[in-house]
Each structure stands twice: as structure tokens, then as C-alpha cells.
Amino acid sequence: MSSDLQKHKDMEKRLTLMNDKEWLESLKKLMDFQYNDDYDYSVNYREDKQRKDRNFSFHKVQSVEETNSFIFTSFPIDWITGELEIDKVDNRLVLKDIEIIKININKKTDYTDYI
């Protein structure tokens, strides 16, 4: 598919999604993202012609306005300290804004009461 045709299709989808409040709220949360260790973060997405939604857990997100995309990064967790090892990248995913379905922010469960 030609680049111009793909850009046109992306723009059509983006215009349609502008009416989806949940999608707009997810993009706003991603633009204002600040990591908090008390929460788990993930994004539901569907790339191009995939039929099933996928999920990606992340610790950092960057917005790239020129390409209307986001770069999601996850870091390994040190087994001894429980801290993120931000000098090592565990996984990275680049998504167009129109591939994002929603962002999930869940409070971590504190298991210390069960030990």
C-alpha cells in the first residue's frame, strides 16, 4: 500500500476515534504520564491487521508527535531490591496512536499482610 494511501487511512481512523471519550482520555493519560511505583501500567492495542487485542506492560512512555506514535518501555526489576533497573531495557514497543485501545492503571496488590 502506498504511503499516501496509508496516511489517509490513518487520518480517517484518527478522526473517527476523536469521538471516543475513552480513547481520548487514554491519550491524555499517556501524554501526562508520570511513573508511580504503587501502580502497574499496561496498554491494550491492536496493530494493523491483527484480529485480537494485545496487552503490553510498561514503566515509561514517550510521545512522538511527528509520527503520532508512542514508545512504551519496560525495565527489569531487581529481584533483591525490588527496584526498576532503568539502565537496562527489558522490552520496547512503538505504537501509532490509532493502534491504542486504552491504557490500564491498576494499584499494585500489597502481599505483605499475607506473609
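Residues numbered from 1 in each chain as written. Predicted model: local features only at pLDDT ≥ 70, side-chain atom pairs only at ≥ 80, totals over all residues. Heavy atoms only, no water.

A. Seen up close, the pattern of salt bridges. Counting across every chain of the model gives 6 salt bridges. A salt bridge links D97 to R14, with the nearest nitrogen and oxygen atoms 2.8 Å apart. Here D97 is found in the loop between β5 (91–96) and β6 (100–107), whereas its partner R14 is found in helix α1 (residues 3–17), with 83 residues between them in sequence. The residues D97 and R14 share a single accessibility class, namely buried. Residue E85 is joined to K88 by a salt bridge in which the shortest nitrogen-to-oxygen separation is 2.9 Å. (Salt bridge = Lys/Arg side-chain N within 4 Å of Asp/Glu carboxyl O. Helix = DSSP H or I, 4+ residues; strand = E, 2+ residues; numbered from the N terminus. Buried < 20%, exposed > 50% of the residue type's maximum accessible area, 1.4 Å probe, protein only.)

B. Fine view of the nonpolar core. Ranked by internal contacts, the top residues of the largest apolar core, which has 18 residues, are L30, V43, F58, F72 and I100. Elements that contribute at least two residues to this core include exactly α2 (21–31), β1 (39–45), β2 (54–58), β4 (69–74), β5 and β6. Beyond its immediate sequence surroundings of up to four residues, F72 is in contact with L30, V43, F56, F58, K60, V61, N91, R92, L93, L95 and I100. (Core = buried A, V, L, I, M, F, W, Y, C linked by side-chain atoms within 4.5 Å. Contact = heavy atoms within 4.5 Å.)

C. How the structure looks around the environment of K96. Within the secondary structure, K96 sits in strand β5. Separated by 11 residues in the primary sequence, K96 and E85 have C-alpha atoms spaced 27 Å apart. Setting aside chain neighbours within four positions, we find K96 in contact with Q6, D10, D48, N68 and S69.

D. View of α2. Those residues of α2 that fall on the buried side of the exposure criterion are W23, S26, L27 and L30. An end-on view of α2 places all buried positions within 95° of arc, on one side of the element. Contacts from the buried residues of α2 go to α1, β2, β3 (60–64), β4 and β6. Residue D20 occupies the N-cap position of α2, its side-chain oxygen lying 3.0 Å from the main-chain nitrogen of E22. (Arc of directions from axis to C-beta. Polar contact = N/O pair within 3.5 Å; in protein donor to acceptor, adjacent residues only side chain to side chain.)

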